[in-house]
Amino acid sequence: MKVSIHKSWEKELRSVFKDPFFQTLVENVKYQYSNNTCYPPGKLIFKAFDDCPFDRIKVVIIGQDPYHGPGQANGLCFSVKDNIQHPPSLVNIFKEIETDLSIPYPRSGDLTRWSKQGVFLLNSVLTVKANSAGSHKNIGWQKFTDIVINTISSEKNNIVFLIWGNYAKEKIKLIDQKKHLILRSGHPSPLSANKGGWFGNKHFSTCNKYLNNKGIREIGW
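Notes on the structure in this doc start here. (Residues numbered from 1 in each chain as written. Predicted model: local features only at pLDDT ≥ 70, side-chain atom pairs only at ≥ 80, totals over all residues. Heavy atoms only, no water.)

### Observations regarding the pattern of salt bridges
Piece 1. Across all of its chains, the model carries four salt bridges by this definition.
Piece 2. A salt bridge links glutamate 27 to lysine 30; its shortest N-O distance comes to 3.8 Å. On the criterion of helical spacing, the pair formed by glutamate 27 and lysine 30 is a turn pair, its members being three residues apart in helix α2 (residues 20-35).
Piece 3. Residue class for glutamate 27 comes out partly exposed when judged on its relative accessible area of 47%. (Salt bridge = Lys/Arg side-chain N within 4 Å of Asp/Glu carboxyl O. Helix = DSSP H or I, 4+ residues; strand = E, 2+ residues; numbered from the N terminus. Buried < 20%, exposed > 50% of the residue type's maximum accessible area, 1.4 Å probe, protein only.)

Dropping the structure here:
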């Protein structure tokens, strides 16, 4: 795996890329991709970073690990490639947006359109073995992405962190709540959403209101 990442991130994470733990992580990922079918495609592992440069971040959404079905994962959390059936969590995300902002349910599940506007769609674990959820959770990704979250918190101001579900809530300790807005709710997966933990959270309108109040251009969800 060749580590190629947007120059703005290269500047912020240069010391991390030189750290022995990251070199070990790279070797682990190379081994997994050489010996198993893994997702997303290698060139898309750092898509979230390439689409959303460090200096353009407005919003951070934290996922767990990529979709593990064929053709689904495209390097952005909750996102799928065009012409791929929308997974249940993504369906519920779009339903909440439809209710919250009266935006029609979209045909495409590719969230690149968000990423390009400054929504950093970060999975805590950036790769996965086919048909095996959570299979790469112990190869070093979480240490790397925790550093990324902490770097955003330390170096940026007025970022909106959308924290969905118990897994994402574990990352709150990495965020300076005095500098940033944290919006919390249940996870959009059907199990959580149908228990009342997701629908009606109004995170998308609340996020845009905060950005507007800070003089930051809102997101076209």
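### Focus: the nonpolar core
Where a protein is soluble and globular, its nonpolar side chains tend to be buried together.
Piece 1. Judged by nonpolar contacts, the single largest core of 64 residues is most densely connected at Phe49, Ile61, Trp114, Phe120, Phe144 and Trp221.
Piece 2. Ignoring anything within four residues of it in the chain, the contact list for phenylalanine 49 reads Ile5, His6, Trp9, Leu13, Phe120, Leu122, Leu126, Phe144 and Val148. (Core = buried A, V, L, I, M, F, W, Y, C linked by side-chain atoms within 4.5 Å. Contact = heavy atoms within 4.5 Å.)

### Thoughts on the side chain of aspartate 65
Piece 1. With respect to the helices and strands, the residue aspartate 65 is situated in the loop between β2 (59-63) and α4 (88-101).
Piece 2. Here aspartate 65 is buried and forms no salt bridge, its nearest opposite-charge partner lysine 137 lying at an N-O distance of 8.5 Å.
Piece 3. Side-chain polar atoms of aspartate 65 contact the backbone nitrogen of glycine 134, separated by 2.6 Å.
Piece 4. Each residue touching aspartate 65, except ones within four places of it in the same chain, is listed here: Asn123, Val125, Val128, Ala133, Gly134 and Ser135. (Lys, Arg positive; Asp, Glu negative; His and termini not counted. Polar contact = N/O pair within 3.5 Å; in protein donor to acceptor, adjacent residues only side chain to side chain.)

### Observations concerning empty space enclosed by the protein
To find leftover empty space, one rolls a probe the size of a water molecule over the atoms.
Piece 1. According to the stated counting rule, one finds one cavity of 30 Å³ or more in the structure shown.
Piece 2. Taken as a whole, the largest cavity encloses approximately 50 Å³ of empty space.
Piece 3. Classifying every residue of the lining of the largest cavity by side-chain character gives seven nonpolar, two polar and no charged. (1 Å grid on protein atoms, 1.4 Å probe; cavity = no way out; pocket = protein on both sides within 12 Å on 5 of 7 lines; lining within 4 Å. Points joined across faces, edges and corners; volume = space filled by probe spheres on them. Nonpolar A, V, L, I, M, F, W, Y, C, P; charged D, E, K, R; others polar.)

### So, the side chain of histidine 136
Piece 1. Among the structural elements, histidine 136 can be located in the loop between β4 (128-129) and α6 (141-155).
Piece 2. Within the structure, histidine 136 has its side chain in polar contact with the side chain of threonine 127 (distance 2.7 Å).
Piece 3. A polar side-chain atom of histidine 136 sits 3.4 Å from the main-chain amide nitrogen of valine 128.
Piece 4. The residues contacting histidine 136, other than those within four sequence positions of it, are Gln32, Cys38, Val125, Thr127, Val128, Lys129 and Trp141.

### Topic: unusual backbone geometry
Piece 1. A cis geometry characterises the amide bond from tyrosine 39 onward to proline 40, with omega recorded as -5°.
Piece 2. Along the chain, proline 40 falls in the loop between β1 (38-39) and α3 (47-51).
Piece 3. The phi torsion at phenylalanine 78 lies on the positive side, around 70°, for a residue other than glycine.
Piece 4. Counting through the fold element by element, phenylalanine 78 comes out in the loop between β2 and α4.
Piece 5. With phi around 60°, serine 102 is a residue other than glycine that occupies positive phi space.
Piece 6. By the secondary structure assignment, serine 102 is in the loop between α4 and α5 (112-115).

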